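Structural features, examined
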Amino acid sequence: MEQSFAPTICTFFASILSCLFSAVALSASEVSINGTNFEVMASPITIIQDERSNSVGIIDDGGVSDSAVKQTGSYNRTAIIQFGNDKLAILRQPGLFNRAMIVQVAGNQEDVQSIDAHQGTGTESVNYLFTLQTTVNDADPIARQFNSLTPREAKTVARNFIYAPEVSRINVGLLEDVSIHFSSLLENRLDQTRFGSCENRKLHGNFEYSAGTSIKSSPTCSSTPFFATLSYERADRDNALGALGYKQDIRSATVGADFPLGPMSKLGVALNVEKSDGDIREGLGSISTTGYQIGGFGSVSQSQYYLDLIATLGKVNFTSDRFSGPTKVRSDADGWSYTGRFQAGYLFGNDYFHVGPLLAARYSKGSVDSYWEEGNILMTQWISKQDREGFVASIGALLDRQDDIGRFLLHSYLKFELERDFGIGRHNDVESIFSLSPNATVFTPVNDISEDTYGRISAGINLSINKQARVSLAGTTLIGADKLDRRAVYGEVSVAF
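Cut-offs applied
Residues numbered from 1 in each chain as written. Predicted model: local features only at pLDDT ≥ 70, side-chain atom pairs only at ≥ 80, totals over all residues. Heavy atoms only, no water. Core = buried A, V, L, I, M, F, W, Y, C linked by side-chain atoms within 4.5 Å. Buried < 20%, exposed > 50% of the residue type's maximum accessible area, 1.4 Å probe, protein only. Helix = DSSP H or I, 4+ residues; strand = E, 2+ residues; numbered from the N terminus. Contact = heavy atoms within 4.5 Å. Phe/Tyr/Trp six-rings, centres within 6.5 Å; stacked < 30°, edge-to-face > 60°. Patch = residues over 30% accessible without salt bridge, like charges linked within 9 Å, V, L, I, M, F, W, Y side chains within 5 Å. Areas by Shrake-Rupley, 256 points an atom, 1.4 Å probe, with all protein chains shown as cover. Salt bridge = Lys/Arg side-chain N within 4 Å of Asp/Glu carboxyl O. Pairing = 2+ DSSP bridges. Expected span 1.5 Å × (residues − 1). Bend = angle between axes of the 7 residues up to and from the residue. Axes fitted to C-alpha atoms, helices over the stretch in contact; angles between N-to-C directions. Polar contact = N/O pair within 3.5 Å; in protein donor to acceptor, adjacent residues only side chain to side chain.

So, on to the nonpolar core. One finds Ile-81, Met-101, Val-103, Phe-130, Phe-146, Val-157 and Leu-436 to be the most contacted residues of the largest nonpolar core, which totals 48 residues. No other element matches the eight residues that helix 2 (residues 151-168) contributes to this core. If we skip the residues at most four places from it in the chain, Phe-146 touches Ile-81, Phe-83, Met-101, Val-103, Val-105, Phe-130, Leu-132, Val-157, Leu-378 and Leu-436. Core analysis: the next-biggest nonpolar cluster, separate from the first, contains 18 residues, Leu-186, Phe-227, Tyr-306 and Ala-360 among them.

Once that is clear, we can look at the packing of aromatic side chains. The description of an aromatic ring pair rests on the distance of the ring centres and on the angle between the ring planes. Tallied over the full model, the rule gives 11 aromatic pairs. Ring centres 6.3 Å apart and planes at 35° place the aromatic pair Tyr-128 and Phe-434 in the tilted group. Placement of Tyr-128 in strand 10 (residues 126-133) and of Phe-434 in strand 24 (residues 428-434) is noted, with a sequence separation of 306 residues between them. Like Phe-434, Tyr-128 is buried. With a centroid separation of 5.7 Å and an interplanar angle of 40°, the aromatic rings of Phe-391 and Phe-422 are classed as tilted. Note that Phe-391 is positioned in strand 22 (residues 386-405) and Phe-422 in the loop between strand 23 (408-421) and strand 24, a separation of 31 residues in sequence. Residue classification places Phe-391 among the partly exposed positions, given a relative accessible area of 31%.

Below, the discussion takes up a nonpolar patch on the surface. A cluster of nonpolar side chains, Val-300, Leu-307, Leu-309, Phe-342, Leu-359, Ile-395, Phe-416 and Leu-418, forms an exposed patch at the surface whose accessible area comes to about 710 Å². Broken down by secondary-structure element, the contributors of at least two residues to the nonpolar patch are strand 15 (305-322) and strand 23. Relative to the assigned elements, Leu-418 resides in strand 23. By relative accessible area, which is 41% here, Leu-418 ends up partly exposed.

Bringing the pattern of salt bridges into the picture now. Considering all chains together, one arrives at 33 salt bridges under this definition. Connected via shared salt-bridge partners are Glu-187, Asp-191, Arg-194, Asp-308, Arg-341, Lys-415, Glu-417, Glu-419 and Arg-456.

Bridge count for strand 23 against strand 26 (residues 452-466) is 13 bridges, and the pairing is antiparallel. Within strand 26, the position partnered with Leu-410 by the bridge is Leu-463. Taken together, the 11 bridges between strand 26 and strand 27 (residues 469-479) define a ladder with antiparallel strand orientation. Pairing of Ile-461 across the sheet is with Leu-473, part of strand 27. Where strand 26 hands over to strand 27, the hairpin turn is made up of two residues, counted between the paired strands.

So, on to helix 2. Spanning 18 residues, helix 2 covers 25 Å between terminal C-alpha atoms, matching the ideal 26 Å at 1.5 Å per step. In the structure, helix 2 departs most strongly from a straight axis at Ile-162, where the bend amounts to approximately 50° and where the proline Pro-165 lies between one and four residues downstream. The buried fraction of helix 2 amounts to 15 of the 18 residues, a majority that puts the element mostly inside the structure.

It is worth spelling out the sheet that holds strand 4 (residues 53-60) at this point. Across the sheet, which stays open at both edges, the six strands sit in the order 2-1-4-6-8-10 with mixed pairing between neighbours. Of all strands in the sheet, those with a lone pairing partner are strand 2 (39-40) and strand 10, marking the two edges. The pairing of strand 6 (residues 75-82) with strand 8 (residues 97-104) spans eight bridges and is classified as parallel. Within the sheet, the bridge partner assigned to Ile-81 lies in strand 8 and is Val-103. Sitting on the sheet, helix 2 is in contact with strand 1 (30-33), strand 4, strand 6, strand 8 and strand 10, with an inclination near 160° to strand 6.

The residue Tyr-490 is located in strand 28 (residues 484-495) in this model. Residue classification places Tyr-490 among the buried residues on the basis of a relative accessible area of 3%. Taking the C-alpha atoms as reference points, Tyr-490 and Gly-475, 15 residues apart in sequence, are found 5.9 Å from one another. The residues contacting Tyr-490, other than those within four sequence positions of it, are His-181, Ser-184, Leu-185, Asn-188, Thr-229, Leu-230, Ser-231, Ser-472, Leu-473, Ala-474, Gly-475 and Thr-476.

A word on the side chain of Gln-82. Looking at the element boundaries, Gln-82 is found in strand 6. Residue Gln-82 is classed as buried on the basis of its relative accessible area, which comes to 0%. A polar side-chain atom of Gln-82 sits 2.9 Å from the main-chain carbonyl oxygen of Leu-88.

The next subject is the environment of Gly-285. With respect to the element layout, Gly-285 can be found in strand 14 (residues 285-302). Sequence spacing of Gly-285 and Arg-322 is 37 residues, and the spatial spacing of their C-alpha atoms is 4.3 Å. Aside from chain neighbours lying at most four places away, what touches Gly-285 is Gly-278, Asp-279, Ile-280, Asp-321 and Arg-322.

Have a look at this one:
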């Protein structure tokens, strides 16, 4: 990106403009470039940006306020709010997607105000331009709100205009994280209980007992169908085109049970309650969630082969807070999600150790309802219903070991998968309407889903205290994912009544 801060407005677009004003440096003007904090800059201000994605916010405050911006990328956002007596704003956005706001706030009846803005042309170009020139004692309610802004509040309005549609996209990312966390928890339950019970130890030929000891009374044999799990996950997403990143801490509690349908199959059900807290990148605010999910899972074994199936359904509420005081913005929305996971493998091994390859696939989809934000009319927006779906396939290997420690059975597993995210559902738009411009719909292109290949490691250990109780600890993490990181830990108690 090239950034040029010219001494006079005459140096910007010399072939288009001639010098209109002789300007004086004014320290009250501030600029934010591509999400950075606002910094003091002398007016007149000239900025040229040529990266793929560009943004600039300018608060120009002085007797003479001259600002010129040129953004030649394909994704451009500009917000210029000018105070003072003599104001000139020049904007050039020749790219494919452009969103701009230029507001000139009058100080008296003799103010000179001029806007010269041109955006992309052609059938593939998407443009949104909001311009406003206020007058003294303006009857328009939007103009009066701009007239009452302090410079600090004006900076907040500018940042919000640039990023507000991208903040809304976070909801579907949070929804995906929450639903996959629950699915992974049930996956861990199946991996933790693949061996160790009386039935499957007999099935896989690794049950040993001394003369006179029955299967039902063997101290190393456990049957614990009911379980309770406390879990935690940290999800971390980077910024993407049309969507801001975030960090989210998920905490959940799960209760469930699984019962054998026969010597080679079992079926289970679980209920999950989750709460999370997330921080939006660029310091724009926070989002919390509260969700309820139900899941079903089952496993079928035949000789050394096994097949696992998992399905979940959930409802999640999102509460967002941005900024504070007179610029506070709040929103509430509901979302639904479901996931499905298939896992199959073959195990080689002896009585106490198994290893083998596996194949797996996971599909997820979530929808967040449309909603209106609440707060300052210059900050709020309406967001349409949004969807997100994903399909991930993997190949890997599972290692499973069992050890008898006196009267206790210790079981551990380690699983490594090479996952491929096929990036389905990547062509999306965020449809929004700013309250300050209720007659214009903004379509923001989103590219927050991309193809990626990375590793995933899962591991766990559990101890059968007796036939009625077992405790376990497990975790999972991603390795080498491009823009996403997930790390989770599960603590579980299983009992039989």
